[in-house]
Structure formats: C-alpha cells, structure tokens
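Analysis of the macromolecular model
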Amino acid sequence: MNSRLAILLALIWLPLTAYVMFRSALGAHGSYLLLPAIPSVIVLYVLALRSWRESWVAMLGATLVCFWLLMAVTAPYLPLLDPNKPLVPLVTPGGIRHGVLFLLGSDLRGRDVLSRTVWGCQRVLVWGITATSVAYVVGAGAGLIGGYLGGWWDEFVSFASNVLLSFPVMVLYILVLNLLGQSGFNIIIAVTCSSAPVIMRIVRGLALDAKSRDYIQAAQTRGEHPLWIMLVELLPNVRGPIIVDACLRLGYTTVAITTLTFLGLGLQPPDPDWGLMIKEGATAALLWKYSYMVIVPALSVSSLILGFNLIADGMREMSLRD
Amino acid sequence: MNEHSLLPRLRDQLNAGLMDRREFVRFAALLGVAAGSAYAMAGLSAPVMAGNTLPFPAAEPGAKRGGKLRIGEMVARMDDPATYNWNEMANQTRPMLEYLTMVGADNVVRPMLIESWSPTPDLKTWTLQVRGGVMWHNGEELTAEQVAWNIRRWSDPALGSSNLGLSTFAALTEPTGEKDSKGKPVRRPLKNGVEVLDRRTLRLNLAKPVLSVAEDCGEFCTLVVHPSFKAPLSRNPIGTGPYTLAELRVSDRCILKRVAKTTDGKDFHYWGGEVFLDEIHFYHYEQENQTAALASGSVDAIYELPVEQIELARSIPGARILSVETAQTLCCRMQVDVKPFNDIRVRRAVVKAADNAAIKRLVFGEHGLVAANFHVAPVHPEYFPLPPVARDVAGAKQLLREAGYPNGIDLDIVVGNNDGPWQQAACEALRDQVKEAGINLAVTVVPATKFWEIWTKVPFGATSWAHRPLGTMALAQAYRGGASWNESHFSDPEFDQALSDAEATLDVAARKAKMQKVEKILQDAAVVIQPMWRPVFILAAAKVHGYNAHPARQMQLNKVWIS
Amino acid sequence: MGNLIVRRVTQMLLIMLTVSLLLFAIFDSDQFREKVAVAELGGFGVATLSAGDYHEWLEKKGFNQPFLVRYGQWLRAVLHGDLGQSIEKDVAVSTLLKESLANTAILAFFVFLIMIPVSLTLGVLAGMNVGSALDRVISIAAVFTTSIPQIATAVLLTVILALGLGWVPAKSAMTDGWSFRALVLPLLTLLVYDIGYLVRMTRAAMAEVMASQYIRTAVLKGLPYRRVILRHALRNALIVPVTLIFLELNGVLSQVVVVEVFFQYAGFGRMLFDAANFGDIQVLQAATLVAVAVAVGSQLLSDAAYVFLNPRVRFA
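Residues numbered from 1 in each chain as written. Chains lettered and ligands numbered in written order. Predicted model: local features only at pLDDT ≥ 70, side-chain atom pairs only at ≥ 80, totals over all residues.

**Topic: the overall build of chain B**
- Secondary structure summary: chain B contains 17 helices and 22 strands in total.
- Relative to its length of 563 residues, chain B is compact, with a C-alpha radius of gyration of 24 Å against a globular reference of 24 Å.
- If you line up chain B on its principal axes, its C-alpha atoms span 80 × 55 × 55 Å.
- Across chain B, the fraction of contacts at a sequence separation of at least 24, relative to all contacts at a separation of at least 6, is 70%. (Helix = DSSP H or I, 4+ residues; strand = E, 2+ residues; numbered from the N terminus. Rg over C-alpha atoms; globule rule 2.2 N^0.38 Å. Contact = placed C-beta atoms within 7 Å.)

See the structure below:
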C-alpha cells in the first residue's frame, strides 16, 4: 500500500514540478511530460475515496484537492485561451467580445480570468508542495538526529530550532526574502526555516519516545546502522500524526505563498498566479462590478486550502473513532 | 528693456511660417521676453496671468480664502533640496521654497524669483535680474548674492546634486584633467562662473553655449534656500514661499501652514499676490492606495492617478480626472557594447519586430502619444517628425538570419516598474510581439529599489525617463558619449557633434533641421525601443479648484482654493 | 515554575544576541549599502556621484568602520537604552517603536476583546452538541473562515463595506485623527480568521472532554446537565484554548504585518515591512528583538498558564 501510494505521488509531483520549473527549457513538447500524471491523479482520488469512506469530511477535502490537481496536470490540454495574452479588458463574466467567450470575465489588461486561474494553480501546487516537502525532509531529518542521537546533536538542533521559532512567521518570511531576493527557490528556503522547527519538534518527540521501544533496541542489537534504523524502523511508525500535520502545513504554506506574492515578495510575474491576480484586482478594481477579478482567485485558493484542512480534520476524526 | 538681438530673426521665421506660434512663444520666453508679450507678438491670446511678471494663473472669480487641502501622496524626508531624488520631496517643499523660474503646465517658462534674463547672442553669458521685494521667512530681502550662492552650490560636484546633469550647471564646471577610480573625469567649479554685478543683478559665464538656462532653473531640484541653510531642511526651513512647515513625519504626514509673521516679528508679505489656502496637509498613502483614499473622502486630491485605476476614479461621484500629455517615456534600451546587441542587425531586428502603436494602445488606450525610438517628443519645441518605424516581422527574421541566428534568439529584459506597473505591461506586450519574429524575450521584473542598483549594468533594460521641457535635455543626459546616465553605452562622435550643434542653435528652422540629423542617427542606430509618450492623470474632489496636471508632476498650489 | 522562567529568559537573551549578530552581519554587505544609497540619493543620483564622493557619503553615514566595531557600538547603545536612528524616516528608533507598538497594541486589544468571548462561546456550544445542526453550522463556518487567506478577506471587505456601502474609510491611515471607524476593516479581517481558528480548537477540546469517562459518569449519576458542564467540563476543556490564546499574541504579530500594510495602519507590522524593504537596519534590529521577546514571552505565558490550569501537571 505504501509503495503504491509513493509511486502515485511521485508520478504526479515529479512531472508537474519539472513542467513548472523548467518549462522554458522543455519547449513546446513539455506538456507530454504531464501525460502520466493525469491517470495518476484519478487513481489517487479513487483510492482516497475508498480509504476515507467513513468520513464525508475527508472525502470532500479529497475532492477539492484532487480537482485542483487535475486542473494543474491537464491545463495544457484544456481548451483555454492564452493566459498571458491581453485581449479585451474588463469584460464581465459570461461576456462575449469579438466572438470570444470569457466565461469568468477578463482582467484589467484583457487576459482571460478562467485560463489564468487554471494555469495559476500549477504554480501554487508545485511551489507549495515542494516547499512543504523540503521542510519535512529537513525537519524530520533534524528531529531524528536530535531525538535518536541525542547529546550535543540534540542541543544544537534544539537551539537552532528555538532561534527560528522565536520569530513570528511573517517576520521570518520577510527577512529571508529580503535578504535572499524574491524567487520560488527562496520561498522554499523561507518556508523551511519557519516550518522545519515545528516538524523537528514533533519528530524528535516521537523519536525519543520510540527509542525506548523494543523493536528499536532489537535493531540496535542486530547491529543495524543508525541511519537505517531511523528511516526504516522509526519513521513508518510515526506516519499517522505526520500526515495530518502535513495537510495542515500544506494549507499554511499555500496561504503564505499567496500572501507573499501579494506583498510583492513572492513569485514574480509574468506567469499567472493567484496571489498576483488578487493583488492586481485589489489595486485596480475595487468596484463591485469588477470584483470578480478578486473573488475568482480568492475562492480558488480558499477552496484548495479548505480541501487540505478538511482532509486533516477528517483523518483526525477517523483516528479518534478507532 | 531692449529687445533681444535674435528676436527679429524669430519673428521673421514666424511670419514665414517656418515656426508655429507656440514654438515662437517658447523661444521668445527663453530669450527673456515676458510671456505675455511673447504671446502677444505671436498673435495669440495669452492664458490669463496675474499681472505681466507673475508666473501664476489668475485667480478664478469667486475664489474663497481659507480652508485646508488634504493631499494623498507618499510623504518623504526633506533633507537637502539640491539632492532631492523624489518628486514628492519637491512637492512638499514647493509651497515653502521657490524657484528662479517656473515651468508651467503648458511647458512655457515664466519668471519667478528671477524677474528677467537675457543671453548674449553666443548663448554663453547670461545676465539674470533678481525680482525686487521678495521677502524671506526671516524678514530679509532676496539679493543677487544669495541667488549666486545657490547656483554655486548646485554646480559643485562634491555635493552630488543631480542638477549637474543639467546643461547650465554642467557648463559652470570644468574638468581638472584627472580621473577618479571609476574612470570618470573629475570636475571642479569654474573660477568666475557666477558673477554678482550689483544687489539685484548677476551674470553667468558658461563654459559652453546653453539654450536652456531659464528652464534648467525651474527643474525640481533647484529650489532656492537661504545661505544659512544646513541640512536637513525639515529642521529649519527658511524660504520665500507663502507657507512654512508645521509638522513633518516621514511616511506619515507633512503639514504646512500659511506664514503670517516673519521670524523677527514683522508681517510677512508674499510677493506673489493672493494665496487662498490656510493649510496644506500631505498624508502618506502608497501609490496604489491613493485613489481608494479619495473615494473614502480621506483626502481631497492625490499625487497621481495610475492608468489602471481610471475605472475606479470614474465611479467616484464628483471627482475630476485631469490629464496632460508629457515627454515621459519608457526606454527599452540595449547596451551597444555587449553581445548580442553589439551587432546592429540584432538591434534592428528587435526594433522591427516591435509595434509601438499597438503597445501604446494596450497600455494607455486612447491617451498618450506614439513614439518612434529617438527620445524627442511632440511636446518638445524642436521636435522634428521623422517617419514612424513600421513593423516588419519578415525583415526582422531576415536580419536575425544574417546576424547568425537563423532559429531565433533568446533575450532577457529587466524592468523595475519604477514608475508603475504600466512599464511591465509594455514589456509584456513587446514580448508577445517579438515572439513572432522568433525572438524569445523573457521579462524579468525586479523590485524598484533593486532595479536602481543594476539599471546601468543590465544589457537590456526598461527604464522610465521623466519629462523634460526640451528635447535636447534627455538626449544630452542619456545618449551623449560618457554621460553619467548613458545606460546604453551609446557613443557616436557624429551624434555628439550634431547634438552640441543643435544645443547651441537658436534659429528654429536651422535647429529643427539639425535635430532631424540628430534624431535620424539615433533612430537608425536602433539603440532603444521607445513605444510611447505617457500621459499623466491626476484626481481631485469636486470642491478643489485650480489644481492642474503638470507633465513633470509638479504640484503648483499657490492659486488652489477650496469651495 | 521559577526555574522555568529563569531558563526561558536566559535562552531568550541568548537568542536575541545570536539573531542580532546574524542580522547585522547580513545587512552589512556592500550590496546593502548601495541599496541604502540608492534609496536615499536615487538611482540617477548614485550614478552621478564619482567614486570618491560615494566613499565620502558612506563615511558620513558611518558605514566605513569595521563590522565588529559597529556591532559593539550598537550593542553598547542598546544597553543604555538608545536604539539608534531610522535612516529612512529620520526619527529615533525608540520613538518609532513606541508609537507603532502602541498602535498595534490597540488593534490587538480590540481583537482579543471580541475574539475571546465569541470564539469560546461558539466553540463550547459546538463541542457540547457534537453532531447536531448547530455544531455542523459552526464547524463548517469555522473551517471555511480559516481557509480564506487574510488578503482575500481584506480586499473583499474593502469592496463591500468601504467602497460599496461607504460605512467605513477604505484605508486606516487616520488622516482625520484617530477614529474607531477606521479600525473596523483591519479588525474584521483579523477577527474572521482568528475567531474561526479558536472556535475549531475549542470545539475539538470540548468534544474530547464531553466524550471522556468522568463526564459521562457524572451525567449518568444524575447530576444536572448544566452543573456538569459549568463545573467539570469547562474547566478541563478550556485549558488548551486558554494556552492557545496566549500563543495568539505571537500569531497576531505575524498576521498584523499583512493587514497593516494593506490598510496602511501605522503599526508594528508596517514598520517592520518598510524597514526590511528599505534595509533600515537599526529599525530592523530593534523590531526583531521586540518580535523575539513577544514570541518567547507568549510561549512562556502559555506554558505557565498550562501548568497553572492543569491540575495533573501542577500537582505532579
């Protein structure tokens, strides 16, 4: 079960990430990269529905998240207008101009809102998932080192995480992004700095707890390498709470990316991005008539975050019931 | 006062139809003819001015005294007027300190603290007459010695004032012959550059002929301070204007109150006639928030209305949108000494693949004017209309093939949005256009502060150039070989010679002909893609009167009143 | 307990020292000096200055001394209470800090004033009746509001309340003097998220307590329902939410950055944002120290409250 899940996730995440980060290098045929991801998303969704049958909350969350995943991987194949090409400015949703239908209207510069929304979710998903994953790798690694190895390692890791935890999150993001410059990769670093300490604490606690367990001591007696013990024996047993935390963290990271882009510190234009759409909508179109420019991206990002939150809530509910 | 010797020639040209009336007024004013007389000579009715020598528009009938004007603009520090780098700093200071001359919204220069000016025919010696009866806030009267002190200060290279980029003050310096560590020649002030003749007369002895002395004295950094000035200005502002500083909190508010008494107890008498507002309040609002603030009634007028917010502005009941065409533009300039732009075929290909008119339409709609890549605007008096650059995608592809890029080329343009997001919109439009010629242009947006660190270093960058009253001014600062703001590293001795030639010519027909040569060289060299001249919009509530849009965004508030 | 405080405070001082040293080192590079020069003199201005004049300007600003010397000077000044001068705003950092902290404190005061009673009540009600219609509505609303990024809430509230209905000013710059109406939009933006968050946590804690053995025993024993709730359940259920409220002090400091920048409210978050963008290092140092103090302080208060309220830990 585990390896199937891992393969599915890799089939979705790797092509999508490669597509978003290296699109210019891949050229016109880059969209073929996404083909294996499309059936993977559908399979993932079916699996999620089956395992979370008892919690309609988790199923709803899975639906929302998989919907956006599907949008992200099929974006090049959908019959959408060019998201960056200015056509007719300020068309209200459902309007037809020059024979072109703008289902969700067009923004201030004339770009189609629907296509920008669909293409925008690629960036949010890729950077959000990547950043969270890196934070997990770093945080879990640090936690395992500190919890299992103890001694000086533990002191050092704990102190470093305390330093990072002493900042309010936004302050940390602003400092890191101002120092390193604004780009997607630096957002990963910023998110890692803010999330890894918390993850480290969780994993460290679990590692400390598990260290005294029998199966660990058995492995030690067997003479297994500490790294092997950490990864193979320890980690799988702490899966449950980590998945719940991961979903919540994905939600927070998505909010952070959107907010940072809004402040001008995050992903840079010109490609479509929900935070950017909200920002452009906010400066130019504060009229009720044009508020669709803000409502559409706001609803999109909210639904994605809602999806993550619902999955987390549903899983917690299910684990409580057991 | 004696008529200037060159005036009959100007009149002849006007009569022969070689110059239009508006240009005549400009040039006559530059020569020191009072604006009213110049308009009269041209057979035009002058905009009604309050008296022949006052630079302000006449007060509207029904103008009421009293009240306070709340303006939404970014509130900046006020340290040293000679080193101001934000327009907002000058706007806050302008009601308190004044200029020697004032460039109006119609681009005509009028006397302010200088009553009249007259050059010799070779345009190297200028005699300036200081206005009498101008009172400082400390009770003293303005003298020529004080004006001379200011001018000497502006032309001192050690101060680092951007005024040195203006021809007049650059012509008051000379090279010492040494070079500094950056390789730039070191300059020092001319020994007898500024000469005080008597209490109200001074003379400028310039190293080269300069046409634009009067206009240079109205640039935003040339505010006249009292010789007792010590930075920062905000601690003790002594000026000649009708207002003084009551409170300054940077990024928060700047409060100005009308001056009633001088610091030694006398009544303050303002030379410029009646002033209506009791107080002027500047409240700090970021650029994108100003319109919303006006919509909520928190302010009565704002610094600038960005073109993206025009819809929002239109929905505010009673608010007036005012606009003016300017010589402000976007220069997408290529560095001619860096690969691949060192090959003129590549540059020409990029220029040919662009469609300037389409970019203007996309960004500014029906406002603004189309430009043709030679950085002289229709609002400039010496503008020579060259034929527009026609879009030619096939030709662009051909040129690229010849230059060795048969499969197209990848380029990167850096834009800092230092004047607003419209710059990015223009670059993105350019990107879409040149794609058809096989040029993959990546638009890199950097924050404005970052942009200023790298603007002279990037091979392909998009800089916004501010409005200048004369066409030669921007050319001298940006394209003359070795100029400090020459971001494209363009260096053509023929161009430099032709430009100097044009700068020294008063005769309009000959000047225009000379400008034709200058413009053609620059256009053919394909150094810059300059799609449009942008318009400037401002917004004011219905109760504000006399508040006009100025092409250089200078707020002139002396005759504004509130109903 | 006293031990805990001493340990935490020592750790806090150590962290402050580390952080300030790091910040100082990072902001001391040539790149940042040029950034400040550009911000002060303007891009065109810096290009005009010759290399000699640029160095003179740097000297005048005090940028030329070696790093450790400047750090030592700063440290000594701070210990004497002088936090330096803001380069951007030309005002003493301590004045700036005091005013902006006061403004943020006012905003935070109102946030907590409304948030605490409202979310605790709603959370308890929902937790008491798990599965009922009331619970469903409250839970869905809470999850929904915590899923909307605050910038989206801010923009939508501006469109509806400020520009649409005109009830409140669109920006909170307080141009006409302090007025509560100008505070409404930032307040609502913060409340929408915070109330939702606290309701979820309270509901979860209450539900857990309601399902616990001793409560069920008390109900079966025949005790009046209300007494059961008020005397037994609440006390235990509110432990976690109360500790979370203390942690919210730190959370508000973070949320307030976005809200203040968008609404132009002159508080701590906006000061920090401006300073970070400009490279105004004295302000940034001072603000970071305050942020660290608030974070550690709120954690300390939260832990102390937990120990105080949780009898199992207190009498352990």
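There's plenty left to go through after this.
**Re the overall build of chain C**
- Scanning chain C from N- to C-terminus turns up 15 helices and zero strands.
- Partitioning the intrachain contacts of chain C with sequence separation of at least 6 by distance along the chain shows that 72% fall at a separation of at least 24.

**Digging into unusual backbone geometry**
Residue and element names in this part refer to chain B.
- Following alanine 231, the chain continues into proline 232 via a peptide bond in cis, with omega recorded as -5°.
- That bond from lysine 339 to proline 340 is cis: its omega, -5°, falls within 30 degrees of zero.
- If you trace the backbone, proline 340 turns up in the loop between β14 (320–334) and α10 (344–353).
- Phi at arginine 553 takes a positive value of approximately 55°, unusual for a residue other than glycine.
- The residue arginine 553 is located in the loop between β21 (544–545) and β22 (561–562) in this model.
- Judged by the 21 C-beta atoms lying within 10 Å of it, arginine 553 is buried. (Buried ≥ 20, exposed ≤ 12 C-beta atoms within 10 Å, placed from the backbone.)

**Quick look at the interface of chain C and chain A**
- Listed by partner, the interface residues are 33 residues for chain C and 33 residues for chain A.
- Put simply, the parts of the chain that give the side of chain C that touches chain A at least two residues each are α1 (2–26), α7 (133–145), α8 (150–164), α12 (239–263), α13 (268–278) and α14 (281–309) of chain C.
- Here the element with the most residues in the side of chain C that touches chain A is α8 of chain C; it accounts for eight residues.
- The residue makeup of the side of chain C that touches chain A, split by class, is 24 nonpolar, nine polar and no charged. (Nonpolar A, V, L, I, M, F, W, Y, C, P; charged D, E, K, R; others polar.)

**Observations concerning α8 of chain C**
Residues and elements named next belong to chain C.
- Under the 1.5 Å per step criterion, the end-to-end length of α8 is 19 Å for 15 residues, consistent within 8% with the ideal 21 Å.
- Most pronounced at threonine 158, the bend in α8 amounts to some 35°.
- Of all 15 residues making up α8, eleven are buried, and the element is well covered by its neighbours.
- Of all the residues in α8, the buried ones are Gln150, Ile151, Ala152, Thr153, Ala154, Val155, Leu157, Thr158, Val159, Ala162 and Leu163.
- Glycine 166 lies just past α8 and shows a positive phi near 75°. (Expected span 1.5 Å × (residues − 1). Bend = angle between axes of the 7 residues up to and from the residue.)

**Quick notes on the sheet that holds strand β8 (residues 194–198) of chain B**
All names here are of chain B.
- Across the sheet, which stays open at both edges, the four strands sit in the order β4-β5-β9-β8 with antiparallel pairing between neighbours. Where the open sheet ends on each side, the last strands, each with one partner, are β4 (114–119) and β8. For this sheet, the mean angle separating the axes of adjacent strands, direction not counted, is 20°.
- Judged from the five bridges that link them, strand β5 (residues 125–130) and strand β9 (residues 201–205) form a sheet pairing that is antiparallel. Residue pairing across strands places threonine 125 opposite asparagine 205, the latter belonging to β9.
- On top of the sheet, helix α5 (residues 144–154) reaches β5, β8 and β9; it is set at about 175° to β8, its chief contact. (Pairing = 2+ DSSP bridges. Axes fitted to C-alpha atoms, helices over the stretch in contact; angles between N-to-C directions.)

The analysis is restricted to geometry; functional conclusions fall outside its scope.
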